[in-house]
Amino acid sequence: MNKNLLMGILAVVIIIIAAVAYLTTQQPPAPTQTTTNQPPATSTTPTSTPTPTQTTPTPLPTTPPTTPTPTTTPTTPSPTPTTTAPPPAQKVTIRIWHALNPEEEAVFKEIAALYTQSHPNVQVIFENKAPDLQTAVLAAISTGEKFDLFIWAHDWIGLMVEAGVLKPVDNDVADVLPKFAVQIPQYKGHIYGLPFTAETVALICNKKMVPEPPKTFADLAKIMQQYNKPPQSYGIAYIVNPYFISAWIHGAGGYYFDDKTEKQGLTDPRSIAGFEFFKKNVMPYVGPNPTDYNTQVSLFLSGQAPCMVNGPWSIGAVKKAGIDFFVAPLPPVNSSYVPKPYGGLKMFYVTIYASKEAIDFMKWFTTDPEVAKILVQKLGYVPVIKDIQIQDPVVQGFYEAIKNVYLMPVSPKMQPVWGAVDIVIQNAIVSDQKTITQAVQDAAKDLCARGLC
Amino acid sequence: MRPQLLILPGLLLFLFFNLWPIVYSIYISFTNANIRNFPQPPPWAPEELKQARPPPDFVGLANYASIFTGPASAGFWNAVLWTLVFVAVSVPAKVALGTFVGLLMSSEKVLGKSVMRAFLIVPWALPLILSVVAWRYVFDPTYGVVNQMLYSLGVSKPPDWFVNKDYAYAAMVVIEAWLAYPFIMTVVIGALVNVPRTAFEAAQIDGAGRWAVFTRITLPLIKRPLIYASVMTAAASLQFFLVAFLWNFIQLYDRFMLAYGYYWAFGSPFREYGLAAAVLSISALVISVFMILAIRLTGLMRGMYES
């Protein structure tokens, strides 16, 4: 009779149905989890094989009823019993989250296929969470979604450990540690994953202008002076930001941030000496717009600068420009002042849900020389393991540079320091608004105001 | 069934989407929620996750103590003070600019008014991110128009409008004035349409000059719409955030209240959500008090509940 009344009741009913539907789709996993732990013993392959095809396209939104149940099925039984002797037919799925580019992802899948050939019970799924892997991982943790590993540079360890995402694997990986040529990143004394490649900056020079790698900084200074004829050409292409100039601060014995004490070191006299050295000996030869990455790279690519300081990620563009070049470590000033650029290690992070199989896969991937060879050949990755023959001179150049690397801090407290150093650079190195001493003192004060004294 | 029950669905939706987030964020401000424990895993989450992420502890007024006397106080007072300075500087600038352009665009002596009005509305209509990018070019320390002009005027070292805290802040005032003047202008144009022409003619016959006409006739007649627009735009200035965030957040984070709250939630090492919620609750309180006072003092609502 009353239309409005009917509409109102209808609305209430719809809301109630929606709420009930929401609750029912959210909760079932809890009870079904316990029940589905028994089935796999009897019906192994059929239940687990369809799952990966479902998980890859729809990772997050529509998960509730279908996906958590099957994916947990293979992984949960493994930690509880000692998994050394499960029935061989037991399928294990390793979920790996990443933000690799398509080219890298293809190579990674290829390598994973090699592994699954010899381990038929294992299935490796790569799930692309670009462009914001960090948010994806943190969101997954708060909803309880399970995955085994994720791939990113090592500087997230501190944050991810604090967020409860990672589990320490010190004992599991102890046997493979001697195989690495670099220090394994740790947070508060524990290892949370293994690296497979390193990135740092080195000197990339145009062979037409610089035939031989400079042996000392004096050689480099000569080259820079020779070519510094603005605006036709400049002494060097150098992106002046905290990451790229860190080599000179660390080389002088200074530091931005000490991971052990979690204190900033900008006001340390050796850090100031490092900033001063860069400003006095390198800065005058840097081309225009020194803080802009693209400007600096294009100076080198157009032949307006003999050398560029950059990392492995820039090599593709250099090759495309048809430049005949070499890669060499930043040259030492003297025997005690050796530039130590910040280095990042790309690594697998082990989440709290990682199965033993996932950890084994990570150990194989990071230490097997064959894998490293494929990564060198196909992606130009700089290896981090010992005893590896590198044919590629570019990778060889970066491999040399990595020996002097200063690992990027893993503590979350580093985050505001990046900005503080950037301000020092902008105020005192790129411009002359302040002296370096004044700028670092202001930066220290600013960091103190952010609770980092 | 009683008819009042029919508002129930709407009421429930309102409570769920409007009131609950407010109540919840106030609750968060009394806890030590941070990246270690917030958000909490759902009840069906695996046991190991629940162990790794214990629930946030109730810390009482600790976050508020930190804001008013503790480690966050210096930055917070700084942010509040500079936000109020921002309101004090940018609101008169916006209103003056908007009124001036509005009067100009209402004058009979200006040709092509409708076309020009359309162009003057542009800042209002552009997506904010586009405006900020455009302004970044204007203020670019090396190539920007502003610094090129300063060069030609003989300033040997023009300021860096991104990196220098005070100059960046000054740039914020300019951008905010540019972003908001179309609003004032529109209100002024709209108000002037309703002003009878006879008032101006009478004043002119009586021998009043331009300034006298403006202060004695125009301003009193468009007072109420103008006050309304000023209060609204003052609220926008108090909530200024996005432009500063896109401009140079590491320099401007402690110059605006909302930016300071954002800093603690997403820029601090351990993402202190609890502290951020406290900062933003206080900011909301400051803004509310400001708005209530502004409305009371200007008598904006007077007569609203009569008739």
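The structure under discussion appears in the preceding block.
Below is a summary of the structure that appears in this document. Throughout, a residue's number is its position along its own chain's written sequence, starting from 1. Each chain gets a letter, beginning with A, and each ligand a number, beginning with 1, in the order they are written. Per-residue local features of the predicted model are confined to residues with pLDDT of at least 70, and side-chain atom pairs are confined, for both listing and counting, to 80 or more; whole-chain, interface and lining totals are unaffected and use all residues. Side-chain measures here rest on the full set of heavy atoms in the structure, leaving out hydrogens and waters.

### Details of the overall build of chain A
Numbering of helices and strands runs from the N terminus; a helix is a DSSP stretch of H or I covering at least four residues, while a strand is a stretch of E covering at least two. Along its length, chain A carries 20 helices and 14 strands. The burial tally for chain A puts 53% of its 453 residues in the buried class. Working definition of accessibility: Shrake-Rupley area with a 1.4 Å probe, residue cover restricted to the visible protein chains. Carbon and sulfur atoms form 59% of the exposed surface of chain A, whose accessible area is close to 19,700 Å². Throughout, exposure labels follow a simple rule: accessible area from a 1.4 Å probe, protein chains only, divided by the maximum for the residue type, with under 20% read as buried, over 50% as exposed, and the rest as partly exposed.

### Examining the state of the cysteines
Residues and elements named next belong to chain A. A pair of cysteine sulfur atoms is labelled a disulfide when the two atoms are within 2.5 Å. Overall, the coordinates contain 1 disulfide over all chains when judged by the stated rule. There is a disulfide in this structure between Cys-205 and Cys-307, and the S-S distance comes to 2.0 Å. Its S-S torsion of approximately 100 degrees makes the covalent link between Cys-205 and Cys-307 right-handed. On the criterion of sequence distance, the pair formed by Cys-205 in strand 7 (residues 202-206) and Cys-307 in strand 11 (residues 307-310) is long-range, its members being 102 residues apart.

### Re the pattern of salt bridges
All names here are of chain A. What makes a salt bridge here is a side-chain nitrogen of Lys or Arg within 4 Å of a carboxyl oxygen of Asp or Glu, nothing more. Scanning the entire structure with this criterion turns up 18 salt bridges over all chains. Put simply, Glu-105 and Lys-109 hold a salt bridge, and the shortest N to O gap is 3.2 Å. Placement of both Glu-105 and Lys-109 in helix 7 (residues 102-118) is noted, with a separation of 4 residues, approximately one turn of the helix. Each member of the salt-bridge network shares a partner with another, and the members are Arg-95, Glu-127 and Glu-145.

### So, the interface of chain B and chain A
For this analysis, residues touch if any pair of their heavy atoms sits within 4.5 Å. Counting residues at the interface gives 36 residues for chain B and 39 residues for chain A. Put simply, buried area is how much 1.4 Å-probe accessible surface two parts lose in total, over both of them, once they are put together. Roughly 3,100 Å² is buried in total at the junction of chain B and chain A, and carbon and sulfur atoms are behind 62% of that figure. Per-residue buried area on chain B facing chain A is highest for B:Trp44, B:Ile250 and B:Pro269; these three make up 20% of the total on that side. At the junction of chain B and chain A, the tally comes to 1 salt bridge. Residue A:Glu162 pairs with B:Arg36 through a salt bridge whose shortest N-O separation is 2.4 Å. Contacts described as polar in this section are N or O atom pairs within 3.5 Å, which, within protein, must combine one atom able to donate a hydrogen with one able to accept it, while residues neighboring in sequence count only if both atoms come from side chains. Counting every contact that joins chain B to chain A gives 4 residue pairs in polar contact (both at pLDDT 80 or more). Of all the secondary-structure elements, those providing two or more residues to the side of chain B that touches chain A are helix 1 (8-28), helix 2 (47-52), helix 13 (242-252) and helix 14 (257-267) of chain B. Residue contributions to the side of chain B that touches chain A peak at 4 residues, all from helix 14 of chain B. Under this grouping Gly is polar, as are all residues other than the nonpolar Ala, Val, Leu, Ile, Met, Phe, Trp, Tyr, Cys and Pro and the charged Asp, Glu, Lys and Arg. Here the side of chain B that touches chain A is built from residues that sort into 23 nonpolar, 6 polar and 7 charged.

### Re the environment of A:Ala328
Residue and element names in this part refer to chain A. Locating Ala-328 in the fold gives a position in strand 12 (residues 325-328). Given the relative accessible area of 7%, Ala-328 is considered buried. For Ala-328, the contacting residues outside a window of four places in its chain are Ala-202, Leu-203 and Pro-213.

### A closer look at the sheet that holds strand 8 (residues 237-238) of chain A
Residue and element names in this part refer to chain A. Paired strands, in this sense, are two strands between which DSSP finds at least two bridges. With mixed pairing, the 4 strands of this open sheet are ordered in space as 8-11-7-12. In this open sheet, the two strands that pair with only one neighbour each are strand 8 and strand 12. Here strand 8 pairs with strand 11 via 2 bridges, running parallel. The residue of strand 11 that forms the bridge with Tyr-238 is Val-309.

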